[in-house]
Amino acid sequence: MSTSDHHYLTGLDLAGRRVVVVGGGTVAQRRLPRLVSAGALVEVISPHVTPAVQAMADAGEITWHARAYADGDLDGAWYAVACTNDTAVNAAVAEEALRRRVFCVRSDAGTRGTAVTPATGEHDGLLVGVLAGGQPRRSAAVRDGLLDALREGRVSDQPADRAVPGVALVGGGPGDPELITVRGRRLLARADVVVVDRLAPRELLDELAPHVIVVDAAKIPYGRAASQDVINNTLIEHALAGRFVVRLKGGDPYVFGRGFEEVLACAAAGVPVTVVPGVTSAFAVPAVAGVPVTHRGVAHEVVVVSGHVGPDDPRSLVDWPALAALRGTLVLLMAVERIGAFADALLAGGRPSDSPVAVVADGTMRTQRSLRSTLDKVADDVAAHGIRPPAIVVIGPVAGLALPIELSQ
């Protein structure tokens, strides 16, 4: 009979009930957040605690008694955790817990307590717990594998007959399929219909079930484009037909992605919408190329600008002279085709001609390539190197910073 056969896995309702944690080190730091989120009235007894535990006490999430443990501290407790670095103290806590019939976890000797802490994790309202009979690494590995399978849709967490009509507006990140959020990937695995942009992570489509309808809403720059009205109507029609629709976009839906237009259209039609933010390419792409958009002592401001219309276009809402006067970082999206006009506008406004510029094409993708230049030369350099969209342009001192090593991807 294995050690795990002696344990009964159950869920304790600790909301409003006293829980005593003896010890304030890193073990307590790991255990406290879930106890707090369960609504327990947590009291920590320890002469010293980590800064994170002290921050929880300062915020009123827990009560910290800055002293050593004493017999009687478990009076009125429903649950106890002994996690000091002193075996004798942990044993004394466990002995008192046994006398008072309080379930107690011993962090230093799990089998000597009256309870054990399973490897736990959350997924969309599910609390997953795994016990492996005193083998914490094994239980953690199983927990992680199960959570990954749930998040990626390889294991279903929904009844087969459950209908969840509506629209989820999902930001897919800058291009690398691994940079989509956990929630975005989970909702994508539930989709009946996926309406996808050209810049959304393409590899994710290969993971969809055979029954999923994929609608190409690709907006190729300066080429053929799906009308926004057509996209809106597609989302609404499928949702009203009882399907769950994922609108998969590149980057973040609200960063020059017309996401709010689609939310307004769905709301007007009475279609429920879930918005899942994504990792925006404005910050992620420079990061993977070794360009921090802020850096202490170098840049205290970041401005993200859409370059879909030129500086002299009457539709432009950008105050280019004001941007030229700034000393911080400018991140230009959709700007490669008009980089010369944008550079001229900044130069005319007083931005120094030797301002560093970084241009990153196909950011986070296998075909990623970067170009370093200056404001007065960037247009010629972009043309000479054949840089095409999608690309991110970063202007400012941060674009001149150099890494001592090459980043791995």
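So, here is what we can say about the structure in this document. Each residue is numbered by its place in its chain's sequence as written, counting from 1. For this predicted model, a pLDDT threshold of at least 70 governs which residues receive local features, and a threshold of 80 or more governs which side-chain atom pairs are given and counted, while totals over whole chains, interfaces and linings are taken from all residues. Here the side-chain values reflect all heavy atoms present in the structure, with hydrogen atoms and water set aside.

Right, let's talk about the nonpolar core for a bit. Counting residues in each nonpolar core, the largest one holds 24 residues, and the members touching the most others are Trp 320, Leu 332, Leu 346, Val 359, Val 382, Ile 387 and Ile 395. The secondary structure listing takes helices from DSSP runs of H or I that are at least 4 residues long and strands from runs of E that are at least 2 residues long, numbered from the N terminus. Listed by contribution, the elements that provide at least two residues to this core are α9 (320-325), β14 (329-333), α10 (339-348), β15 (356-361), α11 (378-384) and β17 (391-395). Per-element accounting of this core gives the leading share, five residues, to α10. Contacts are assigned to residue pairs that have any heavy atoms within 4.5 Å of one another. In this structure Trp 320 touches Val 305, Pro 311, Leu 332, Phe 342, Ala 345 and Leu 346, once residues within four positions along its chain are discounted. Within this scheme, the nonpolar core is defined by two criteria: the residues are buried Ala, Val, Leu, Ile, Met, Phe, Trp, Tyr or Cys, and they are joined through side-chain atoms within 4.5 Å. Residue burial is assigned from relative accessible area. The probe radius is 1.4 Å, only protein chains are included, and a residue is buried under 20% of its type maximum, exposed over 50%, and partly exposed in between. Core analysis: the next-biggest nonpolar cluster, separate from the first, contains 20 residues, Leu 14, Val 19, Val 36 and Val 53 among them.

To continue, consider the pairing of strand β13 (residues 302-306). Pairing of β13 with β14 involves five bridges; the strand directions are parallel. In the sheet register, Val 305 faces β14, and the bridge partner there is Leu 332. Crossovers are described as right-handed under a simple rule: with the strands pointing away from the observer, the path leading from the first strand over the helix to the second runs clockwise. After leaving β13, the chain enters α9 and then returns to the sheet as β14, a path that is right-handed. Strand pairing is defined by DSSP finding a minimum of two bridges between the two strands.

Let us look at the sheet that holds β15. Pairing in this open sheet of five strands is mixed, and the strands run β13-β14-β17-β15-β16 from one edge to the other. Looking at the sheet topology across the chains shown, the edges are occupied by β13 and β16 (369-374). Between one strand and the next, the sheet's axes are offset by a mean angle of 20°, whatever the strand orientation. As judged from the four bridges shared by β14 and β17, these two strands associate in the antiparallel manner. The residue of β17 that forms the bridge with Leu 330 is Ile 395. Each axis is a line fitted through C-alpha atoms, taken for helices only over the stretch in contact, and angles between the N-to-C directions span 0 to 180 degrees.

Two rings from Phe, Tyr or Trp (for Trp, the six-membered ring) form a pair when their centres sit within 6.5 Å of each other. Planes less than 30 degrees apart are called stacked, planes more than 60 degrees apart edge-to-face, and all others tilted. According to the stated counting rule, one finds two aromatic pairs in the structure shown. For the pair Tyr 254 and Phe 260, a centre-to-centre distance of 5.8 Å together with 90° between the ring planes defines the contact as edge-to-face. When its relative accessible area of 43% is taken as the criterion, Tyr 254 is described as partly exposed. Between Trp 320 and Phe 342, the ring centres sit 5.1 Å apart and the planes meet at 20°, which makes this aromatic pair stacked. Here Trp 320, found in helix α9, pairs with Phe 342, found in helix α10; they are 22 residues apart in sequence, far enough to count as distant.

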